Amino acid sequence: MKIRVTIWNENVHEQRNPKIAELYPKGIHGAIADILGDVEKYEVRTATLDMPEHGLTDEVLDNTDVLIWWGHVAHAQVSDEVAERVKLRVLDGMGLIVLHSGHLSKPFVKLMGTICRSKWRENNEKERIWVIEPSHPICSGLPEYIELPQEETYGERFEVPAPDELVFISWFSGGEVFRSGCCYKRGLGKVFYFRPGHEAYPTFYNENIAKILVNAVNWARPLDITRPTLGHYEALEKVEDIYAGMSDAERKHENLQNMV
C-alpha cells in the first residue's frame, strides 16, 4: 500500500518575488513533490493557502498519511478551524513534517504548546548540519554532516519542548547553534521539525536534504496498530454493573459525582 503524502505550502513568496519564482518555478511545494514523486511507494498531492479550506479538507486529511508543512509570512491567514483539524489528525495518527519557519505555524504551535520562537537573521551564512543520531531512521544514508553554503540563520534559545529525539544540530558561520532536527510523539502521531529550507536559497535541490525528506516520510507514516479504546468500556471480567439500568446521561452524572 502506498504512503499518501500531502505537501502544504502557503505559496506566497513565489507569487510576490520574481527571484524566488525563478528559483522555485513550481513553488516550494512543487520542488518537494518532484523529490517525493520519484519514490514509487508514495502517492503525492499538494495543497496551498489560497485553495478552499487551504486545500486541507476533511476528505484530504482523511486520505493523508504524512503532511509536510512549509509556511512563513502567512501563518495568521491559516484558519483556526483548519489548524485544529490538522492537530486532531496528528493526534489520531497522521505524521507531520514541519519545515523551516513552519515552526511558527498554527498546527505546530498547537501541538507543542509553547511559543516556538527563536533568534534569527538572514545574512547568507553557511549552515553545517551535524548528524548526532546516525542510527535514527531519519539519518539513514547520510554523511557525518551536511553543509549548505547559504541559509537563513537560526539560533538558540528555541522555545519548544525538549524533543523526544534530537537527530540534527546546526552550526552557522556567525557562531550560532540550533536544534535543527526535532522528533516528537503526539497522541498516535509523529512530528518532525526540520530547520533548513529558506525560500531564497536552493536548499530543496540538495541531494542530502532530499534524502532527509524521504527518510522523514518513512519514519512519520502511521503504523499498523490496534487502536486504543477511549471512553466507557465494558469490563473484561465478570463484575457487578453498578450502572445497570442507567442511561448514558445518568452514567455521566454518576461519574461526575464520584469525582467530587
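Keep in mind it's a predicted model, so treat the numbers as computed, not measured.

Caption draft 1: Broad picture of the side chain of Arg 128. By the element assignment, Arg 128 lies in strand S5 (residues 119-131). Reaching out from Arg 128, the side chain makes a polar contact with the side chain of Glu 147 at a distance of 2.6 Å. Here Arg 128 is in contact with Tyr 145, Ile 146, Glu 147, Ile 169, Ser 170 and Trp 171, once residues within four sequence places are set aside.

Caption draft 2: Broad picture of the packing of aromatic side chains. Here the structure, examined in full by the defined rule, presents 12 aromatic pairs. With centroids separated by 5.8 Å and ring planes inclined at 15°, the aromatic side chains of Phe 192 and Phe 194 adopt a geometry described as stacked. Here the aromatic residues Phe 108, Tyr 154, Phe 158, Phe 178 and Tyr 193 are joined through ring pairs into a cluster of three or more. Its end group placed over the ring of Tyr 145, Arg 128 keeps NZ or CZ at 5.7 Å from the ring centre.

Caption draft 3: Spatial organisation of the pattern of salt bridges. Scanning all chains against the criterion turns up 18 salt bridges. Here Glu 84 ties to Lys 110 by a salt bridge, and the two come within 3.0 Å at their closest N and O atoms. Taken together, the positions of Glu 84 in helix H5 (residues 80-91) and Lys 110 in helix H6 (residues 106-112) put the pair 26 residues apart, joining distant regions of the chain. Classification of Glu 84 as partly exposed rests on a relative accessible area of 26%. As a salt-bridge pair, Arg 128 and Glu 147 come within 2.6 Å of each other at their nearest N and O atoms. Of the two residues, Arg 128 is situated in strand S5 and Glu 147 in strand S6 (residues 145-155); the sequence distance between them amounts to 19 residues. A residue is classified by how much of its surface remains accessible, and Glu 147, at 31% relative accessible area, is partly exposed. Three or more residues joined by partner-sharing salt bridges are found here, namely Glu 53, Asp 58, Glu 81 and Arg 85.

Criteria and thresholds
- Residues numbered from 1 in each chain as written.
- Predicted model: local features only at pLDDT ≥ 70, side-chain atom pairs only at ≥ 80, totals over all residues.
- Heavy atoms only, no water.
- Helix = DSSP H or I, 4+ residues; strand = E, 2+ residues; numbered from the N terminus.
- Polar contact = N/O pair within 3.5 Å; in protein donor to acceptor, adjacent residues only side chain to side chain.
- Contact = heavy atoms within 4.5 Å.
- Phe/Tyr/Trp six-rings, centres within 6.5 Å; stacked < 30°, edge-to-face > 60°.
- Lys NZ or Arg CZ within 6 Å of the ring centre and 35° of its normal.
- Salt bridge = Lys/Arg side-chain N within 4 Å of Asp/Glu carboxyl O.
- Buried < 20%, exposed > 50% of the residue type's maximum accessible area, 1.4 Å probe, protein only.

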